Each structure stands twice: as structure tokens, then as C-alpha cells.
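Structural description and commentary
One letter stands for each residue in the lines below.
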Amino acid sequence: MARHLASHVAQLVATLLVATAAIFVLLRVLPGDPAVVALGIEASPEALAAWRAEHGTDGTLVAQYLEWVGGLLTGDLGTSYVTSQELTPLVADRVQVTGILVLLGMLIALVVAVPVGTLAAVWHRNAGGVTLSTVSQVGVAVPNFLVGVLLVALFAVRLGWLPSGGWVAPVEGFGEFWRHVLLPAVALGSVQAAIITRYVRSAVLEIMREDFLRTARAKGLTFTGALVRHGLRNAGVPIVTVVGVQIASMLIGAVVIERVFAVPGLGSLLLDSVGNRDLLAVQSIVAVLVVLVVLLNFLVDLAYTLLDPRLRRAS
Amino acid sequence: MTDPATVAVGQPPPDPRTPTGARRQPAGPRPEARRPGVHPQLVIGAVLVGLVVVTALVSLVWTPFDPEHAGAERLLSPGAEHWLGTDRFGRDVFSQVMAGARITLLVGLVAVGIAAVVGVPLGVLAGMRGGRLGVLLMRGSDILLAFPGLLLAIVLGAVYGAGTVTAMVALGIGSIPAFARVARSGTLQVMRSDYVVAARAANRGERAIAARHVLPNIAGTVLVQCSVNFAIAVLAEAGLSFLGLGTPPPTPSWGRMLQESQQFLGVADHLAIVPGVAIAVAVLGFNLLGDGLRDVFDPRLSAVGPHAPAGERPSSVSAEPVGTTRPSVETPALDIRDLTVRTDSGRALLSEVSLRVGPGERVGLIGESGSGKTMTALAALGLLPDGVVATGQVGLAGVPGNLLERGERALAGLRGEALSMVFQEPMTALNPLLRVGRQVAETMTLHGATSRTATRRAAELLAEVGLPDGAARRYPHELSGGQRQRVVLAMALANDPAVLVADEPTTALDVTVQRQMLDLMVRLVEDRGAGLLFITHDLAVVSQVCQRVVVLLDGVVVEEGTVAQVFAHPRHEYTRRLLAASTLEPRTTSSVRSEDRVAEPLIRVEDVTRTYQSRGQAVHALGGVSLEVQEGQRFGIVGESGSGKSTLLRIVAGLDRATSGRVTSAGVHLPAAPHELGDLRAALQLVFQDPYGSLDPRMTVGDIVAEPLLNPANVRVGGPRTASARRDAVREMLDAVGLPLDATERYPHQFSGGQRQRIAIARALVCRPRILVADEPVSALDVSVRRQVLDLLARLADEHALTLLLVSHDLGVVRHVCDHVAVMRDGLIVEQGPADQVYDHPQHEYTRTLRDATPVLRR
């Protein structure tokens with residue numbers, strides 16, 4: 001187990017190193033000298049040198065990379081070239097917003113997907129199962145921003161029950177927080193629900209074919225009993241993986257939903273920074289997102305090992 | 001957004017303890033046979049995709065209005081002139097949606113193209129090479145997983161400016177890992193198959209294997225991935241356009257139409273709905289197409305119930321029952337009457353089967369694959385799979401009424417309590433996530449025991465079936481196959497049932513383990529006075545375990561009586577044939593004359609060891625093995641699973657390397673340089689255990705048999721070198737193995753197990769090798785076919801002056817074919833010598849155990 005963990009951690013570190021290096025090359029090296037980008041090609045050498053000294057881009061690229069990664073590790077993301085704002089508090093604030101949105105969306109998705117997917121599998125030979133499967137298939141095809149736009153059209157514009165956008169943090173008022181978070185979370189969660197329903201359905205279908213489910217019935221469990229007591233936990237192993245991967249994909253996918261609902265999340269910050277050509281901010285936000293995605297994958301791997309005794313090393 | 005099919009769901013690695021040499025009773029042909037008929041998903045998907053494609057093409061030459069021309073009144077609702085209304089600039093929405101299809105398809109096509117062109121070769125390379133390169137390639141692809149297409153597009157947009165090209169490239173790069181993974185796992189699967197080993201053994205190069213076996217077999221899954229990834233690309237492109245990072249205006253794009261509609265919500269909702277529906281239709285179309293294609297290509301999904309192999313069973317046998325003398329059991333413990341099981345389509349799997357098991361009586365139910373034995377047991381317990389229906393009567397002593405008429409809940413109350421079952425496959429019969437003690441205890445708590453009592457009883461029961469202390473705390477994967485089967489037995493007997501149904505309970509076990517298991521089962525059943533319905537294909541086992549026997553043929557009981565009666569005086573023709581085929585008499589003549597022995601042996605193995613690493617532990621598969629095989633000899637190797645017999649075979653065949661020691665095979669010293677290995681490959685050919693996995697399902701039988709001839713190095717002087725000469729050689733060979741000549745144009749799935757093994761033999765012999773190596777060639781075959789194949793092997797060995805090296809777990813099989821035998825155990829040869837001598841006067845303790853454990857048909 002310890003050895004297993006060690007090799008996983010080594011892989012994690014290697015992945016993070018390569019990934020951050022890729023981001024650095026893509027956003028810091030390829031676009032050219034940020035001093036020139038900021039001050040223009042007409043700028044005097046003295047001004048450029050001063051700018052470089054101020055923003056710490058006067059060392060070698062390797063030194064700059066190491067400094068940047070060191071900053072990421074210690075929680076110092078640097079200062080925006082464009083707005084001269086400290087990036088760390090800004091990003092931390094935005095991560096919270098996106099995090100709440102994504103987790104709530106996933107919660108909605110799971111509450112819908114687990115029972116519906118299971119029923120779709122159990123009923124796969126009759127009309128009910130086919131209907132559920134069809135609905136989820138259509139749901140997967142709907143872009144989440146379309147759901148967002150339609151939700152706004154209905155609940156904000158027509159019925160006027162909920163605000164069409166904006167954000168109120170939980171600490172600023174819990175009621176208002178809910179009124180603001182509900183529509184974006186549902187928009188994000190409903191499409192995920194369709195996706196995860198399909199996974200749950202196929203995992204349960206797979207489990208239903210397993211010999212041990214038949215053994216469980218031979219012991220005296222009904223079909224439903226066997227499925228609940230022996231099937232779902234086994235089906236849970238692949239589903240946990242999917243949930244991890246989907247949370248990672250939602251972190252990125254939230255960009256679009258944040259746009260629809262004007263939610264000040266990480267995605268909005270990323271898009272604004274791209275718009276301002278604030279490359280250091282883009283670089284740091286992308287790094288934060290990638291680190292989150294990689295960490296999630298790592299946690300999924302660990303969860304897998306915990307859930308399935310076959311993967312734990314026998315002593 | 002990610003579609004189910006592309007997310008890399010981490011599959012648990014296959015259980016390393018699953019014995020690869022496990023023998024199981026074949027359950028009819030594997031479902032490679034594709035079900036004819038139309039998949040609705042495929043049709044609907046194709047129609048939707050076709051709609052998008054046609055729309056895009058038509059828009060190139062015609063749209064109702066110029067999609068970029070703002071001429072009409074603004075924000076018109078759908079009407080006669082503007083079918084879907086106009087937008088804020090007065091542009092025709094319908095024309096815009098038509099033109100938007102172009103960008104959608106273009107981005108999808110290029111993105112999928114990039115991903116497939118880069119990802120598939122990477123995946124194939126990683127799968128075929130393995131080793132460090134493979135790991136490195138897949139790690140790289142894993143890192144790319146951290147950059148989803150959407151994020152990559154935003155980043156690239158930030159550096160190089162957003163636009164169509166950036167979007168296409170970013171989405172393409174982002175999808176590379178999905179393709180690499182699919183291609184790699186497909187390739188790994190193909191590379192593990194026996195047909196690739198056969199191609200290697202036939203001296204085919206890596207490139208030929210990639211082109212002829214790997215690519216055709218993974219093409220289906222790659223196509224599915226293309227379709228599914230197309231859907232993802234469509235969604236992502238729409239998302240990018242929605243964010244303003246896609247195709248710049250004024251080129252129409254669905255995502256931007258949606259984005260622009262936002263400010264007119266409540267005023268002109270159709271502006272949002274129309275492009276939204278267009279996106280959904282395209283995505284749905286590609287997803288459905290992908291699912292439909294998957295159904296077509298995934299053989300597992302087209303399995304439809306057991307299906308008797310045609311052309312093997314003597315068709316002249318009538319199914320008229322004989323000997324219906326039933327013992328006058330006053331109240332049978334289990335009473336099955338006129339049990340008929342039909343599929344939904346009306347095909348009868350069982351026809352009016354009647355059988356009784358008296359209290360404490362042990363009844364054998366015999367039949368070959370597809371005869372309906374398992375179906376009988378499952379029907380009695382109410383465990384029939386979906387899609388089949390049972391009629392008739394099943395009665396159980398002390399339980400009023402017909403079990404078939406009981407509901408699931410009422411039946412469940414009886415299962416495990418009054419009527420219980422042990423299954424064939426111990427490796428998969430237990431829940432892998434729960435400790436076995438808990439699984440045994442559950443049988444008791446389900447029927448009323450307190451959890452405390454049940455836990456205590458579970459430990460007692462596990463001790464009673466001979467498991468060591470502390471076994472209750474083990475997970476199934478920590479136990480061997482035999483131990484797991486003991487757990488299942490403990491579970492089945494926990495509540496002292498009136499009847500135990502055992503379905504091939506020892507077929508997957510080694511002979512010595514089988515013996516212990518049978519003794520244990522008989523003892524425990526006797527102790528409890530329970531009736532036993534013992535289902536098996538093995539007549540010898542029945543003769544040792546049972547008192548009465550019922551013979552099943554094609555779902556009909558053809559004979560029944562006491563074991564003594566039926567086996568001594570079989571009355572039905574089928575029973576007679578079965579008995580004759582079950583008795584393998586020892587070979588009488590020796591093919592090697594004494595003067596040959598001075599010659600240099602054709603195969604010489606000296607002190608060979610083989611050690612490999614598994615999960616960081618050294619496994620010693622061979623621990624110093626020596627043997628010599630003379631030209632023309634028929635050499636048998638006998639051993640149980642894990643004895644190292646297959647490893648030895650692979651080393652002799654040049655497919656694996658010895659860790660130490662010397663091997664000379666057909667005059668070639670191993671390990672050999674590639675050109676020398678070619679000489680060995682031309683001289684030595686293989687036949688494998690699994691006739692379903694050893695033939696490439698996508699090649700015709702003619703191509704399969706001809707494959708070894710495609711390498712000129714394999715063809716002897718004067719042998720077939722032209723296409724027509726090869727065709728003749730294939731026909732000649734098929735004729736020699738007893739297959740019809742029209743077999744050349746057919747595919748493997750159209751043949752039964754025995755016929756496929758004949759095809760495999762034809763492929764092995766087509767380039768006239770000197771040595772034929774056969775690894776468990778008949779263990780996957782039915783009894784009546786087993787004998788035919790063995791006799792064919794023996795005859796061909798004589799006709800082609802072959803040296804035969806045959807590996808089997810079955811001493812009887814080896815003795816029937818071979819004149820010389822080596823007995824292996826735990827990576828060592830414990831004894832070798834002339835077959836008769838080893839069998840009749842075993843010198844080693846283990847040989848004696850093995851011989852005595854082998855069930856013998858008592859007549």
C-alpha cells in the first residue's frame with residue numbers, strides 16, 4: 001500500500017512538472033518577451049529593462065520557470081502585468097465561487113443520475129428503461145449553456161422568480177446566495193446528470209451480468225435485494241472514477257455557464273484575462289485549473305484503491 | 001463537456017490469479033456471431049448526421065436568403081417568408097442555421113482527423129511495443145488529459161488569437177488521449193490473442209501483424225470513437241463560439257447565434273431555441289451513431305442465449321427417450337415435471353424435462369454444451385436469465401405448490417434455505433468487495449439468523465469445508481480457485497438445504513483439487529441427508545459421485561436410470577457414443593524405434609529456469625527443467641495449473657526466453673538471432689487451447705490457413721509460392737483435417753468449437769513443419785468432439801512424420817496420444833519416461849496422486 005501510494009505520488013509530481021512546464025512554454029515563452037508585449041516594440045531598452053526588473057522577468061527562462069513554480073507551491077501567483085493586482089487573493093476568491101458551483105452541480109447530477117441510471121438498467125428490456133435511456137441520450141446532446149439560456153428565459157425573464165445572473169457569496173446572505181446559485185447549478189448539473197445517468201446505467205448493466213449477483217440470489221436475495229446489497233457497491237467503483245473525471249471537466253465547462261449567468265468565477269477571470277492579454281494571469285489561472293484536474297485524477301486513483309480490495313497490495 | 005465513451009474510466013487490472021489454463025465447459029459458441037438486423041440507434045443516428053451533412057452541402061449552393069445579408073425586418077417571428085424568423089440585424093435565421101452546419105462539420109472533421117491521425121498510431125505503437133516506450137507514450141497522453149480541449153482552445157486563443165483554426169487544432173489536440181487510449185487497449189487485446197501468437201509463430205513480422213490483425217480488429221472501436229468525438233467537438237465548438245472564441249463574425253455559427261440571442265430572451269426566444277436544437281440534433285446524431293456502431297462492433301452485446309453448435313453432434317441420433325424406469329421414490333426432495341424453457345422468440349431450450357431427486361439421493365445430469373443442463377438448474381431455482389420463460393412443474397418436498405408459479409420474493413425465501421446451488425466458475429461467483437466470512441454469514445442472516453450466530457456459524461462452516469483459520473477475514477481474490485469453490489459450498493450448505501444443485505462445480509478446478517472437492521461435497525451432502533443434483537459433462541465424475549443419472553440431449557431427456565445400469569448397458573445411441581468417446585484407451589504402439597534414440601534430439605532443454613516479475617514479486621515459473629524430444633516422438637507434458645507447462649512450451653517455441661539454461665529447438669539454439677528464429681518458425685507450429693480466441697474473427701478461413709505461407713521463409717523448397725498454389729495447399733490441408741472445401745470463404749464464427757480446432761490444426765500444418773506443439777488442444781471441447789480431434793492429431797502426426805509436443809492437464813489425453821510423458825509440478829519435472837511406465841508404475845508421489853485423482857469411468 002505504501003509502495004503503491006509512493007509510486008502514485010511520484011507520478012503526480014512528474015505530471016505536474018511536465019504540465020506546468022508546458023503551460024510556461026505555451027504562455028510565457030512562445031508569445032515572446034512580456035516586456036515588449038506590455039510596452040510595445042517602440043519602447044526604449046531602458047524602459048524594457050526597468051519593466052523586466054520590476055516584474056521579475058530578467059532572469060533566464062529556467063530561473064523564471066522555477067520562480068513561478070515556487071510561487072505556485074507557496075501560494076504566490078505573482079502580480080498581474082496589466083492591472084498590477086495581486087493575483088493570489090483574486091484567484092482564491094474565484095476558485096471558491098467556481099468550486100461551490102461545480103460541487104452543487106455535481107450533487108444535483110448525482111441525486112438524479114444514480115436512481116435514474118439504475119432504473120434504466122434494471123428496466124432495460126421494457127419501455128420505461130428505453131424512455132429513461134432515450135431522455136438521458138438527448139440530455140447528453142444539449143449544451144449546458146442552452147439549458148442556462150432557457151432557464152433564464154423561463155425563471156428570470158418570464159416568471160421573474162429568480163435573478164438572471166450575478167453572484168452573492170454565502171457569507172453575504174444565505175437566502176440571496178441560494179437565489180443566485182440555483183439556476184447556474186441546475187444548468188451545470190442537469191447535463192451532467194444525463195451524462196452520469198448513462199455511466200450508471202452501463203455500470204449497473206455490467207454488474208447485472210456478474211456471476212456473483214446470481215450467487216447472491218441463490219443465497220436467498222431477491223433480484224432487487226441482490227442488486228442493492230451486492231451490485232451497487234461494485235457498480236460504485238467505476239462510477240466514482242467517472243464522478244472525479246466529470247468534476248474535472250465541469251471545472252473547465254463552468255467557464256461557459258459563468259458567462260451565461262455573469263458569475264464571477266475562475267472561468268470569467270480567465271476569459272477577462274485573455275481579453276486583456278494579461279498573460280501572467282492566464283498562465284497562473286490555467287496552472288491552478290490544471291493542478292486541480294490532476295489532483296482530482298490522483299484522488300480518484302486513490303479512491304479506487306480504497307474501494308476495491310483487489311487493488312490493495314496483499315501483505 | 002465529456003461524453004461517457006471517451007472518459008478514461010480506470011478499469012481494474014485483470015485479476016492476476018485467474019488461471020489462464022482454467023478449463024471450462026464451453027457454453028456454446030462465443031458470441032462473435034453478429035446478430036443480423038438493424039440497430040435503431042444506428043439508423044436514427046445516421047439519419048440525423050445525414051441531415052446535418054446534407055444541410056451543410058446544400059447551404060453551399062442554396063439558402064433561402066444570404067445568411068450574412070441583413071436585409072429584412074429585425075427580430076421577426078417565424079413566418080411564411082422567413083421560416084424561422086430573423087435576428088437582430090434582420091438576417092434570415094433559417095439560412096444562418098443552414099450555413100452554421102458548415103462550420104460545425106468543418107471543425108468536427110478537422111478536430112477528429114487530427115486526434116485520430118496522431119492518437120491511433122501512438123496507441124497502436126504503445127500497445128504493440130509495450131515496455132518503456134509504451135509507458136512513456138501513455139504518460140504523455142495522460143498529461144494531455146489535464147488539458148481539456150476547451151481550456152486548450154482558450155489558452156491558444158490567448159496566445160495566437162481566437163478563430164476557427166485555433167479551435168480546430170485545440171479540440172483536436174485535446175482529443176488525442178481519448179484516441180490513443182482506445183487504440184492502445186484495443187491493440188493490447190489483439191496482441192494478447194492466440195491468433196497473434198500464431199502469426200508470430202508463423203514468422204510474420206510486426207508490420208504484417210499490425211496491418212493484418214491489429215488494424216482490422218480495432219477499426220470498429222476507432223470508428224466509434226470518431227463518431228463520439230465528433231459529438232464532443234460539435235459541443236465544444238458551440239461553447240467556444242458562445243464565448244466569442246470560435247469562428248469570428250460574420251460567418252454564421254450556431255454557438256454565436258445562441259450567445260447573441262441572450263439579450264432578446266423573452267422578446268425573441270426562437271433565436272435561442274433554433275440554434276440550440278440544431279446543436280442538439282448534431283450531437284445526438286453523432287452520439288447515437290457511435291452507440292449504434294458500438295453495438296455492431298462489440299461482440300458481447302450481440303450475444304443471444306446459448307446456441308447449439310451445428311455439424312458436430314451426430315444428427316442421426318434420435319431424441320426419443322429410453323429407459324424411463326423411474327425409481328419409486330415416495331416423496332422426492334426435488335421433483336421436476338415437464339419442464340419446458342423457451343426463448344422469447346419461441347425456440348425451445350428444454351422440452352418437457354422430468355427428473356426427480358430423492359431425499360439423500362445423488363443424481364447426475366449429463367449433457368454436452370448446449371444440451372440445457374444449466375438451464376434446468378436455473379429454472380428450478382427461478383434464476384433464469386431475461387428473455388427465457390419456463391413452464392411445467394417444479395416441486396420441492398415440504399413446500400406446497402409449483403415453484404415456477406411463485407413470485408421472486410417467495411422464491412428467494414426458498415433459495416439458500418431449502419434449495420441451494422453451487423456454480424461452475426469459482427473465480428467470479430463471489431462478490432469481490434466483501435470478505436468471504438460475511439458472504440457466508442449473509443446466507444444465514446437472510447433466512448432469519450442473528451448476525452452474531454451467523455458470523456460464528458460462518459467460521460465453523462468455513463472450517464468444515466477445510467479452509468484454514470482466519471479464512472473468513474479474507475477477500476475472494478486472496479483465495480485460490482479451489483478455496484473459493486469451498487466458500488461457495490459452505491454458503492450453499494449453511495442452512496442445511498433439502499436439495500443442493502451443483503452445476504459443473506469442479507470443471508474449472510485442477511484434477512487433484514477436484515478430487516478433494518468431490519469427496520468433500522459427497523460427505524457434507526450425506527451428513528445432511530440432502531439430495532444432490534450434480535450437473536456435469538464428465539461421465540467419469542458422475543460414475544464416482546452419483547447413484548442415478550439423467551442424460552440430456554438438445555433439451556430432451558434421452559435416458560435415465562441407475563449409474564450401474566446406464567453405464568454398463570446404455571440403451572440410447574447417444575449415451576453409447578458419449579460413453580465410447582469418454583473412454584480414452586492408452587496408445588499401444590510406440591513411434592520411436594530404439595535405434596533412433598542415438599540421434600541428436602530434435603528438442604533439447606537443459607536446466608531451464610524462467611523467472612518473471614509480477615507486482616514487484618519474483619515468480620519462478622520454471623525452476624530448472626531438462627528434457628529431450630526425439631525426432632518422430634510424441635511427447636506429452638502433464639501438469640496442473642501453475643505447473644509451468646505452458647511457459648516451457650512457449651520457450652521451446654521461441655515465444656518466450658528462458659532466464660537461464662540452454663534450449664535447442666529444431667537445430668536452433670535459443671534465444672536466437674532473428675534469421676535463425678525464422679528457421680525455427682518454419683519448423684515448429686502451434687495449436688492452442690481456445691479455438692474461439694485463436695482464429696482472427698475478421699479473416700476468412702482460407703486467409704487464416706494461408707497466412708503462414710505468406711512468409712516465403714516458411715515455404716519449403718518446391719512448396720506453394722504463388723497465390724493459386726497457396727489456394728491449392730489450403731484446400732488440401734482443409735481436406736486433410738476433414739473440413740468441407742467451401743470453408744475457405746467462411747468466417748470462424750460460422751464454425752463449431754471442434755471445427756475451429758481443425759482449422760487451427762490446418763493452419764499449423766500448412767507449411768509442413770517438423771514439430772507440432774499443442775497446448776491443451778482439446779480441453780475446451782465437448783467429450784464427443786475431443787476424441788475426434790485427438791485422433792485427427794495422431795493420424796496427421798503419422799502422415800506428416802511430425803514430432804508432437806502435447807501439453808495437457810489430463811493424464812488420459814496424454815496417454816491416449818503420446819508415447820512419452822513428463823509430469824510437471826511447481827515449475828519442475830518430477831518424473832518422465834515412457835507413458836505406460838509412468839502411468840502404471842509411477843515413481844513419484846505426485847504422479848501417483850495425479851493418476852489416482854483423475855476420474856475414471858466405472859462401468
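Residues take numbers from 1 onward in each chain, read along the sequence in its written order. Whichever chain is written first becomes A and whichever ligand is written first becomes 1, with later ones labelled in order. Residue-level local features of this predicted model are given only where pLDDT is at least 70; pairs of side-chain atoms are given and counted only at 80 or more, and the full residue set underlies all totals for whole chains, interfaces and linings. Note that the side-chain values use all heavy atoms of the structure and ignore hydrogens as well as water.

Before going further, it helps to examine the UniProt feature "transmembrane region" (unreviewed entry) in chain B. Residue and element names in this part refer to chain B. UniProt positions are given in the numbering used here, feature names are shortened, and annotations may be inferred rather than shown by experiment. The feature "transmembrane region" (unreviewed entry), as annotated in UniProt, sits at residues 42-62, 103-128, 140-159, 165-183 and 264-290 in this numbering. In DSSP terms, a helix is any run of H or I states spanning at least four residues, a strand is any run of E spanning at least two, and both are numbered starting from the N terminus. Taken end to end, residues 42-62 is 95% helix and 0% strand, and its two terminal C-alpha atoms sit 29 Å from one another. In this annotation, residues 165-183 is assigned 100% helix and 0% strand; the end-to-end C-alpha distance for the span is 26 Å.

The positions UniProt marks with the feature "domain: ABC transmembrane type-1" (unreviewed entry) are residues 95-300 of chain A. Helix makes up 83% of residues 95-300 of chain A and strand 0%, whereas the separation of the span's terminal C-alpha atoms amounts to 20 Å.

Turning next to the environment of A:Asp301. Within the secondary structure layout, A:Asp301 lies in helix α12 (residues 279-307). As for A:Asp301 and A:Arg229, which are separated by 72 residues in sequence, their C-alpha atoms are 24 Å apart.

This next bit is on the UniProt feature "transmembrane region" (unreviewed entry) in chain A. Residue and element names in this part refer to chain A. Per the UniProt annotation, the sites labelled "transmembrane region" (unreviewed entry) are residues 12-30, 100-123, 135-157, 177-200, 239-261 and 281-307. Between the first and last C-alpha atoms of residues 100-123 the distance is 34 Å; the span itself is 96% helix and 0% strand. Annotated as 100% helix and 0% strand, the span residues 281-307 places its first and last C-alpha atoms 39 Å apart.

Turning our attention to the side chain of B:Thr744. Checked against the element boundaries, B:Thr744 lands in the loop between α22 (723-736) and α23 (753-765). For this analysis, residues touch if any pair of their heavy atoms sits within 4.5 Å. Sequence-distant contacts of B:Thr744, that is, excluding residues within four places in its chain, are made with B:Thr700, B:Val701, B:Gly702, B:Val730 and B:Leu734.

We now examine the nonpolar core. Nonpolar cores were defined as sets of buried Ala, Val, Leu, Ile, Met, Phe, Trp, Tyr and Cys residues, with membership established by side-chain atoms within 4.5 Å. The cut-offs for exposure are 20% and 50% of the maximum accessible area for each residue type, with area from a 1.4 Å probe on protein chains only; residues under the lower value are buried, those over the upper are exposed, and the others partly exposed. Core analysis: the largest hydrophobic core is formed by 177 residues, its most contacted members being A:Leu270, A:Val286, A:Val290 and B:Trp254. The element best represented in this core is helix α7 (residues 206-243) of chain B, accounting for 19 residues. The residues touching A:Leu270, leaving out its near neighbours within four places in the chain, are A:Val282, A:Ile285, A:Val286, A:Leu289, B:Leu151 and B:Ile154. Counting residues in each nonpolar core, the second largest holds 54 residues, with B:Met444, B:Leu479, B:Val522 and B:Val563 among its members.

So, on to the pattern of salt bridges. Residues and elements named next belong to chain B. One side-chain nitrogen of Lys or Arg within 4 Å of one carboxyl oxygen of Asp or Glu is enough to make a salt bridge. Counting across every chain of the model gives 46 salt bridges over all chains. The shortest N-O distance in the salt bridge between glutamate 560 and arginine 548 comes to 3.2 Å. Taken together, the positions of glutamate 560 in strand β9 (residues 556-562) and arginine 548 in strand β8 (residues 548-553) put the pair 12 residues apart, joining distant regions of the chain. With a relative accessible area of 5%, glutamate 560 lands in the buried category. Arginine 548 gets classed as buried once you look at its relative accessible area, which sits at 4%.

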